[in-house]
Amino acid sequence: MRQFMYVFLFSFVHVLSESDFAKFDGAPPSKIAVVGAGIGGTATAHFLRQHFGPEVRIDVFEKNSVGGRLATVSVNNQEYESGGSIIHSLNLHMQDFIQQLGLKYRKSVAGKTAVFNGEEFILEETDWYLLDLFRLWWRYGISFIRLQMWVEEIMEKFMRIYKYQAHGYAFSSVEELLHSLGGSGFINMTRRSLSESLLELGVSQRFIDEIISPIMRVNYGQNISIPAFVGAVSLAGAQANLWAVEGGNKLVCSRLLKLAKANLIQSQVTSIELRSMGDYPQYEITHSSQDKKTSEVYDIIVVATPLQQNVDTGISFQGFEPDLPEMPGSYHQTVASIIHGYLNCSYFGYPDPKLFPFSSILTTDASELFFNSAASICPVNITSGFRRKQPQEAGVYKVFSPKPLEKNELKTLFKSYYSVQVTDWLAYPHYGSTQGLPPVVLHDGMYYLNGIEWAASAMEMSSVAAKNIALLAYHRWNRQLEMIDQKDLMHKVKTEL
Ligand SMILES: Cc1cc2nc3c(=O)[nH]c(=O)nc-3n(C[C@H](O)[C@H](O)[C@H](O)COP(=O)(O)OP(=O)(O)OC[C@H]3O[C@@H](n4cnc5c(N)ncnc54)[C@H](O)[C@@H]3O)c2cc1C
C-alpha cells in the first residue's frame, strides 16, 4: 500500500501577530477585488458584502464565464451539467444560497447503478433495497456498516464549521480550520491515504477495490491512494440525499454576484503588485480585456482561482519581498464527454438494450479501462412529464475519462451517436502531487481561497473557504484578533449567547 509522506512546505504563510496590526484608525476598506467568479469567488463577494457592509466597492474579475467549474453544455436545446453537478443535503452554505437566491432544487430522477470491471458487472443495484443490503453483507461482511459509521462521524465533526462561522470565528490557515473541527485526526486525514485508513478501520480490501475505488474514480478521477479526508468527502457524495439546482448550478454564481451588488469585470487579471506597505498595504491589479490593459488599486484582494502552474491563470505577483513562491502540485485532468447517442449495451454483456437496467456505470481500477464512469444524465431543467430515456433510445450520456476519448473508444461505448461535446477539465487537485496544504493568507491584505481544495475539492468546500476568508479579512482589517484561530471553539460557542 502506498503511503504518502506529507511535509509542510509553505514557509511563506503569513503568521498573525499583534505587531502586524499597529495603528488602527477604524476606517473601512474602500475597494476589494476578488479574482475569479466561480462558486468560491462569487460566494466570497457575497460574504464580504455581508461583513463589510454596503459602502465598500467589490469588483469581481472573471476571464471566462461566471461559474468557472460549474458549467453546462447544450444538447438539442437542453442544458446539461458538465462540471460540478451534485450537492449533499448537509451542504448548508449551498442550501442557504439557493433559498436566499430564490432558486429551486432540481428533481432527481431514479436510476440504478452498477460496477463494471472491464469484463462484467461485479455489482448491480436492484429495485429492492433489502436485497441490495443483503448482497452487500454477503459479499463484503460488515465493511459497509463500518464505512457508513466512519463517514457519518466525519460529517458530524465537519458540520461544526457552520456553528463556528455563525459565531463569527475565522481561521488563518486550512490546518487551523481542520484542527478546530476534528483535531489532529482531521489533519492526519489529509496526509495518509484513504485505503490505509479504511483497512485500519476493518474495511475489507475487496470492498475497497469494488466499491470505494469506483466512487473515487467517478468523483475525483483518482485512485484509493488519495488522502482520507477527500476520500470521506467523496464517499459522503455517494450517499442518498443529493441535489442540484434547477436551471443549472452555475446560476448560484451569477445570482450571488447580483445579491452582493458586486461589479463583474470580464477581464483577465495579469498582475497583482504590492503598491504600498505599512499598516494597510495596497495592491494594484492590472487586467487585460481585448488587448486593453487597465490598472486599479485595492485595499484587499481575494484570489479565488487555483494558482498551480498547470492551471495557468496568467497572474504574476510583483513587488513582494520575498517573492511569493509558486504553488507546488498540479491539477488533475478529467475529461467530461457529453454524448448524444445509443449506448452499446453489448459491450456490457447485454445484447438486448431493452434488458439493460442501469443508468450509471462505475468502473474498477482495471488497467484496460479507458473511462472512469458513464451515466445517462438529465437536463438541468426537469419538466413534470420528464422520463429518463431507455437504453434502446438515443439518450444523453456523460462519460468521465482521464484523456479525451479516441474514436474507437467512442465506438466501443456507443453503437452510434449524433454529437460528442468534450470539456477537458483541470478538475480538482491531483492529490499526492504535492505535500502540505497551501496558505490562506498570501500577504497582509491578500487571501487565497483555493488552498482548501487540497483538503477536499467541492462546491461546499469553496463556500466554506469563502465565508472563512470574508470573516478573516474583516477581523484582520478591524484588528479583532480574538476572533481568529481560537482554541476550544466547541466550548466557546456553547457558552456564548
Ligand atoms: C468535472 C467536475 C465534476 C465535479 N463534480 C462535483 C460535484 O459533483 N460536486 C461538487 O461539490 N463539486 C464538484 N466538482 C468540484 C467543483 O466544481 C469545484 O470544487 C468548484 O466549482 C470550484 O470553484 P472555485 O470557484 O473555487 O473555482 P473555479 O470554478 O475554478 O473558479 C475560478 C474562476 O477564476 C477564473 N480565473 C482564473 N484566472 C483568472 C484571471 N487571471 N483573471 C480573471 N479570472 C480568472 C476562472 O475562469 C474561473 O471562472 C467537480 C469539478 C469538475 C471539474
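Residues numbered from 1 in each chain as written. Predicted model: local features only at pLDDT ≥ 70, side-chain atom pairs only at ≥ 80, totals over all residues. Heavy atoms only, no water.

**Regarding the domain arrangement of the protein**
This is how the line gets drawn: Throughout, the edges of the domains are those of an automatic or database domain assignment. We call two residues in contact when some of their heavy atoms are within 4.5 Å. Note: buried area is the sum, over both parts, of the accessible area (probe 1.4 Å) each one loses when the two are combined. Salt bridges are identified by distance alone: a Lys or Arg side-chain nitrogen within 4 Å of an Asp or Glu carboxyl oxygen. What qualifies as a polar contact is a pair of N or O atoms within 3.5 Å, subject to a donor-acceptor requirement within protein and to the restriction that residues adjacent in sequence count only when both atoms come from side chains. A run of H or I in DSSP counts as a helix once it spans at least four residues, and a run of E counts as a strand once it spans at least two, with each numbered from the N terminus.
Taken as a whole, the protein is organised into domain 1 (18–69 + 157–199 + 249–330 + 435–495) and domain 2 (106–152 + 202–239 + 331–429). Using only C-alpha atoms to locate each centre, domain 1 and domain 2 end up separated by 33 Å. With 27 residues of domain 1 at the contact, the number on the domain 2 side is 26 residues. Surface buried jointly by domain 1 and domain 2 totals about 2,200 Å² across both partners, of which 69% is contributed by carbon and sulfur atoms. By the criterion of area lost to domain 2, the three top residues of domain 1 are Met189, Leu194 and Leu198, representing 32% of everything that side buries. For the pair domain 1 and domain 2, the number of links is zero salt bridges. At the surface where domain 1 touches domain 2, the tally comes to 13 residue pairs in polar contact (both at pLDDT 80 or more). Among the elements that take part in the side of domain 1 that touches domain 2, helix α7 (residues 194–201) stands out by supplying five residues, more than any other.

**Structural notes on a nonpolar patch on the surface**
Our working rule: Two distance rules govern patches: like charges are joined within 9 Å, and nonpolar side chains (Val, Leu, Ile, Met, Phe, Trp, Tyr) within 5 Å, applied only to residues with over 30% relative accessible area and no salt bridge. Note on areas: Shrake-Rupley, 1.4 Å probe, and residue coverage restricted to the protein chains presented here.
A cluster of nonpolar side chains, Trp128, Leu131, Phe134, Trp137, Trp138, Ile142, Ile145 and Met149, forms an exposed patch at the surface whose accessible area comes to about 940 Å². Of all the secondary structure elements, the ones that give two or more residues to the nonpolar patch are α3 (129–140) and α4 (143–158). At four residues, the largest contribution of residues to the nonpolar patch is made by α3. Examined against the element boundaries, Leu131 turns out to sit in helix α3.

**Remarks on the sheet that holds strand β14 (residues 316–318)**
For the record, the criterion: Here, a strand pair is defined by DSSP locating no fewer than two bridges between the strands. Helix axes use the C-alpha atoms of the stretch in contact, all axes being lines fitted to C-alpha atoms, and the angles between their N-to-C directions lie in the range 0 to 180 degrees.
Pairing within the open sheet is mixed, and its four strands lie in the order β12-β11-β10-β14. Unpaired on one side and paired on the other, β12 (292–298) and β14 mark the two borders of the sheet. Strand-to-strand twist of the sheet, defined as the mean angle between neighbouring strand axes without regard to direction, takes the value 20 degrees. Across seven bridges, strand β10 (residues 268–276) lies against strand β11 (residues 282–289) in antiparallel orientation.

**Let's talk about the packing of helix α2 (residues 92–100) against helix α12 (residues 459–477)**
Test applied: These descriptions rest on fixed angle ranges, namely under 35 degrees for roughly parallel, over 145 for roughly antiparallel, 65 to 115 for roughly perpendicular, and the rest for oblique. Three categories are distinguished: nonpolar for Ala, Val, Leu, Ile, Met, Phe, Trp, Tyr, Cys and Pro, charged for Asp, Glu, Lys and Arg, and polar for the others, with Gly belonging to the last.
Remark: α2 packs on α12, axes separated minimally by 8 Å, with the N-to-C direction vectors making an angle of 85 degrees. Overall, the two elements α2 and α12 adopt an arrangement that is roughly perpendicular. Of the residues in α12, those touching α2 at Leu92, His93, Met94 and Phe97 are Met459, Glu460, Ser463, Val464 and Lys467. By residue class, the composition of the contact of α2 with α12 is five nonpolar, two polar and two charged.

**Looking at the packing of aromatic side chains**
The condition that has to hold: For Phe, Tyr and Trp, rings pair up if their centres lie within 6.5 Å, where Trp contributes its six-membered ring, and each pair is then called stacked (planes under 30 degrees apart), edge-to-face (over 60) or tilted (otherwise). Should the NZ of a Lys or the CZ of an Arg lie within 6 Å of a ring centre and within 35 degrees of the ring normal, that charge is described as sitting over the ring.
Going through the model one piece at a time under the given rule, you end up with 30 aromatic pairs. Its end group placed over the ring of Tyr298, Lys31 keeps NZ or CZ at 5.5 Å from the ring centre.

**Some thoughts on the site of the ligand**
Selection criterion: Residues are labelled near a given molecule or strand when at least one of their non-hydrogen atoms is within 4 Å of it.
Of all residues adjacent to the ligand, which total 36 residues, the nearest are Gly40, Glu62, Arg69, Ile86 and Met459. Separating a nitrogen atom of the ligand from a backbone N or O atom of Thr313 is a distance of 2.9 Å. At 3.0 Å from an oxygen atom of the ligand is found a side-chain nitrogen or oxygen belonging to Ser457. A total of 1,000 Å² of accessible area belongs to the ligand in isolation, and the protein chains cover 93% of it. Those elements giving two or more residues to the shell around the ligand turn out to be α1 (39–52), β2 (57–62), β10, β19 (414–429) and α12.

**Notes on the side chain of Gln95**
Within the element layout of this structure, Gln95 appears in helix α2. Sequence-distant contacts of Gln95, that is, excluding residues within four places in its chain, are made with Ser89, Tyr105 and Trp243.

**What about α1?**
Using the following cut-off: For a helix, the expected span equals 1.5 Å multiplied by the number of residues minus one. Throughout this description, buried means an accessible area under 20% of the type-specific maximum (1.4 Å probe, protein chains only), exposed means over 50%, and partly exposed covers the range between.
With 14 residues, α1 extends 20 Å between its outermost C-alpha atoms, agreeing within 8% with the 20 Å of an ideal straight helix rising 1.5 Å per residue. Counting buried positions over the 14 residues of α1 gives 12, a clear majority of the element. For α1, the complete set of buried residues consists of Ile39, Gly40, Gly41, Thr42, Ala43, Thr44, Ala45, His46, Phe47, Leu48, Arg49 and Phe52. Of the residues one or two after α1, Gly53 is the one with positive phi, at around 85 degrees.

**Brief notes about the pairing of strand β16 (residues 358–363)**
The buried count for β16 comes to five of six residues, which makes it a mostly enclosed element. Where strand β6 (residues 112–116) meets β16, five bridges bridge the pair, whose relative direction is parallel. Across the sheet, Ala114 pairs through a bridge with Ile361, a residue of β16. Direction of pairing for β16 relative to strand β17 (residues 373–376): antiparallel, over a ladder of three bridges. Bridge pairing in β17 links Leu362 to Ser373.

**Description of the environment of Ala27**
Mapped onto the elements, Ala27 comes out in the segment before β1 (31–35). A relative accessible area of 33% places Ala27 in the partly exposed class. Linking Ala27 and Ser346, residues 319 residues apart in sequence, is a C-alpha distance of 69 Å.

**Some points on the confidence of the model for the protein**
We apply this condition: For every residue, the predictor reports its confidence as pLDDT, a number between 0 and 100.
Taken residue by residue, the protein gives an average pLDDT of 91. The fraction at 70 or more is 95%. In the predicted structure, residues 1–23 sits below a pLDDT of 50 and forms 61 contacts with residues beyond four places in sequence or in another chain.

**Remarks on the nonpolar core**
Spelled out, the test is: By nonpolar core is meant a set of buried Ala, Val, Leu, Ile, Met, Phe, Trp, Tyr and Cys residues that side-chain atoms within 4.5 Å join together.
Within the largest apolar cluster, 108 residues are counted, with the highest numbers of intra-cluster contacts made by Ile39, Phe97, Trp150, Leu178, Ile212, Phe229 and Val252. It is α12 that contributes the most residues to this core, 11 residues altogether. No fewer than three residues from each of domain 1 (18–69 + 157–199 + 249–330 + 435–495) and domain 2 (106–152 + 202–239 + 331–429) sit in this core. In contact with Val252, other than residues within four places in its own chain, are Ile39, Met94, Phe97, Ile98, Leu101, Leu103 and Val245. Counting 22 residues, the second largest nonpolar core, distinct from the first, contains Phe116, Ile339, Phe358 and Ala374.

**Digging into α12**
Its 19 residues place the ends of α12 27 Å apart at the C-alpha level, agreeing with the 27 Å of an ideal helix rising 1.5 Å per residue. Of all 19 residues in α12, 18 are buried, a share of seventy percent or more. One or two steps after α12, the chain reaches Arg479, where phi turns positive at roughly 60 degrees.

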